[in-house]
Amino acid sequence: MSLFIEIIVSLLLLFGAIFLLGGAVGIIRFPDTYCRMHALGKGTTMGIICFMLAITIYFVWSGIGLCMQSILSLVFIAVSAPIGSHMIAKAAYHYGIPLWKGSVRDDLKEDCEFIREDNADF
Amino acid sequence: MSIMESLFGEAADNQFLQNLHVLPVFLDIAMVICCFNLLCYLYRVVKGPALADRAVAMDSCGVTVMSLIVIYSIRQGTNLYMSCALVIAILGFIGMVGLSKYIQSGNIVDTGNIVLNLEEAEYLKDKENAEAGEELQRKAEEARQKTAENIVDVVKRQQNQQDRDNN
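Predicted, not measured: the structure shown is a model, and the values here were computed from it. (Residues numbered from 1 in each chain as written. Chains lettered and ligands numbered in written order. Predicted model: local features only at pLDDT ≥ 70, side-chain atom pairs only at ≥ 80, totals over all residues. Heavy atoms only, no water.)

1. Regarding the side chain of Thr-64 of chain B
Residues and elements named next belong to chain B.
Argument step 1. Within the element layout of this structure, Thr-64 appears in helix 4 (residues 51-76).
Argument step 2. Thr-64 gets classed as buried once you look at its relative accessible area, which sits at 0%.
Argument step 3. Apart from residues no more than four positions distant in its own chain, Thr-64 is found in contact with Cys-34, Asn-37, Leu-38 and Tyr-41. (Helix = DSSP H or I, 4+ residues; strand = E, 2+ residues; numbered from the N terminus. Buried < 20%, exposed > 50% of the residue type's maximum accessible area, 1.4 Å probe, protein only. Contact = heavy atoms within 4.5 Å.)

2. Let's talk about the interface of chain B and chain A
Argument step 1. On the chain A side, the residues contacting the 54 residues of chain B number 48 residues.
Argument step 2. Around 4500 Å² of area is buried between chain B and chain A when both sides are counted, 80% of it from carbon and sulfur atoms.
Argument step 3. Summed over the shared surface of chain B and chain A, the result is 1 salt bridge.
Argument step 4. Summed over the shared surface of chain B and chain A, the result is 9 residue pairs in polar contact (both at pLDDT 80 or more). (Buried area = accessible area lost by both parts, 1.4 Å probe. Salt bridge = Lys/Arg side-chain N within 4 Å of Asp/Glu carboxyl O. Polar contact = N/O pair within 3.5 Å; in protein donor to acceptor, adjacent residues only side chain to side chain.)

3. Examining the confidence of the model for chain A
Argument step 1. For chain A, the average pLDDT comes to 87, and 93% of its residues sit at 70 or higher.
Argument step 2. Across chain A, helix 1 (residues 2-29) of chain A holds the top mean pLDDT of 92, while helix 4 (residues 107-118) of chain A sits lowest at 74. (pLDDT = per-residue confidence, 0-100.)

4. A short note on a nonpolar patch on the surface
Residue and element names in this part refer to chain A.
Argument step 1. A cluster of nonpolar side chains, Leu-3, Ile-7, Leu-11, Phe-15, Ile-18, Phe-19 and Met-46, forms an exposed patch at the surface whose accessible area comes to about 590 Å².
Argument step 2. The greatest single-element share of the nonpolar patch, amounting to 6 residues, is contributed by helix 1.
Argument step 3. The topology assignment puts Leu-3 in helix 1. (Patch = residues over 30% accessible without salt bridge, like charges linked within 9 Å, V, L, I, M, F, W, Y side chains within 5 Å. Areas by Shrake-Rupley, 256 points an atom, 1.4 Å probe, with all protein chains shown as cover.)

5. Quick look at empty space enclosed by the protein
Argument step 1. Following the criterion strictly, the structure yields 1 cavity of 30 Å³ or more and no others.
Argument step 2. Those elements giving two or more residues to the lining of the largest cavity turn out to be helix 2 (33-61) and helix 3 (68-95) of chain A together with helix 4 of chain B.
Argument step 3. Across the lining of the largest cavity, the residue classes break down as 4 nonpolar, 4 polar and 1 charged. (1 Å grid on protein atoms, 1.4 Å probe; cavity = no way out; pocket = protein on both sides within 12 Å on 5 of 7 lines; lining within 4 Å. Points joined across faces, edges and corners; volume = space filled by probe spheres on them. Nonpolar A, V, L, I, M, F, W, Y, C, P; charged D, E, K, R; others polar.)

6. Digging into the nonpolar core
Argument step 1. Formed by 60 residues in total, the largest nonpolar core has its most connected members in Phe-51, Met-52, Tyr-58 and Ile-88 of chain A together with Leu-23, Ile-74 and Met-82 of chain B.
Argument step 2. Of all the elements in the fold, those that place two or more residues in this core are helix 1, helix 2 and helix 3 of chain A together with helix 3 (23-47), helix 4 and helix 5 (82-105) of chain B.
Argument step 3. For this core, the element with the most residues is helix 2 of chain A, which contributes 13 residues.
Argument step 4. For Phe-51 of chain A, the residues in contact, after removing those within four places along its chain, are Leu-13, Gly-16, Ala-17 and Leu-20 of chain A together with Ala-30, Cys-34, Ser-67, Val-70 and Ile-71 of chain B. (Core = buried A, V, L, I, M, F, W, Y, C linked by side-chain atoms within 4.5 Å.)

7. Observations concerning the confidence of the model for chain B
Argument step 1. Predicted confidence across chain B gives a mean pLDDT of 83, with 83% of residues reaching 70 or more.
Argument step 2. Averaged over each element, pLDDT in chain B is lowest for helix 1 (residues 3-7) of chain B (61) and highest for helix 3 of chain B (92).

8. Details of the pattern of salt bridges
Argument step 1. Considering all chains together, one arrives at 3 salt bridges over all chains under this definition.
Argument step 2. For the salt bridge of Asp-53 of chain B with Arg-36 of chain A, the shortest nitrogen-to-oxygen distance reads 2.7 Å. Placement of Asp-53 of chain B in helix 4 and of Arg-36 of chain A in helix 2 is noted, with the two residues assigned to different chains. Grouping residues by exposure puts Asp-53 of chain B and Arg-36 of chain A together as buried.

9. Section: a negative patch on the surface
Argument step 1. A contiguous patch of negative charge on the surface is contributed by Glu-128, Glu-131, Glu-134 and Glu-135 of chain B.
Argument step 2. Structurally, Glu-135 of chain B can be placed in helix 6 (residues 118-166). (Lys, Arg positive; Asp, Glu negative; His and termini not counted. Charge placed at Lys NZ, Arg CZ, Asp CG, Glu CD.)

10. Remarks on the packing of aromatic side chains
Argument step 1. Scanning all chains against the criterion turns up 7 aromatic pairs over all chains.
Argument step 2. Between Tyr-58 of chain A and Trp-61 of chain A, the ring centres sit 6.2 Å apart and the planes meet at 75°, which makes this aromatic pair edge-to-face. You can see Tyr-58 of chain A and its partner Trp-61 of chain A sitting in helix 2, 3 residues apart, about one turn around the helix.
Argument step 3. Its relative accessible area of 19% is what places Trp-61 of chain A among the buried residues.
Argument step 4. When the ring of Tyr-58 of chain A is compared with that of Phe-16 of chain B, the centres are 6.0 Å apart and the planes differ by 70°; the resulting orientation is edge-to-face. Residue Tyr-58 of chain A is located in helix 2, and its partner Phe-16 of chain B is located in helix 2 (residues 15-18); the two belong to separate chains.
Argument step 5. With relative accessibility at 1%, the residue Tyr-58 of chain A sits in the buried group.
Argument step 6. You can call Phe-16 of chain B partly exposed: its relative accessible area is 28%.
Argument step 7. Grouping aromatic residues by their ring pairs yields a cluster made of Tyr-58, Phe-59 and Trp-61 of chain A together with Phe-16 of chain B. (Phe/Tyr/Trp six-rings, centres within 6.5 Å; stacked < 30°, edge-to-face > 60°.)

What follows is the structure, given as structure tokens:
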């Protein structure tokens, strides 16, 4: 049983590190600002969730006790990291950073045109 | 005996971790991968063409530092460092929100004319029209008063001239 929990903690650490590595490879290899944000938003969120689960299980298992800070930071990162990534992407779009030339679809442009038509009087 | 254990001498005090055999190896692997991630993010921070790239890369640096804190706190066998991870998470989110406002509008606290919704915009427009209408009415009343005074003056002058003529 002890070896089982140890393997679970080790695999959670490894999965977290691999998710973070996926984000890092994405931020180097992807051609576009929005693609990079896409890679980083998923990778960092999932990686830090795995890390925090691992350290929570480890602290309970090793007799230190239930660590509330790790659970709090798990919930907070899981809520706030996608929100922050979305806000940065929207701000970059309204700032005028161009899309990659291979992008096939841009739904936000039509919505922005509707908004501009509505606000044209003011 | 793992590789990093010789670098961090305090880890020898952790009796619980010394009895394990699988976890120290994975701790080393995860630590090496996280350091490589930090190098990748720093490359994007230095090279990134847009400000948004740098902002997201620095936020991810914070997340990777959180994971390094997790590894280090497992190695030390204490949960005192987890408060630092929580603080880094909160500060990273606040920094992301502030940077997004800065990228979008050029300043963080916007005190200009913000059109929140259409109803409020129409209300502001009607209010401006009403104020403009009040100003026009006031000017018209002033003009009327002035013309009336002028008319009164002209009538007085004519009366005076008639009196002089009669005399």
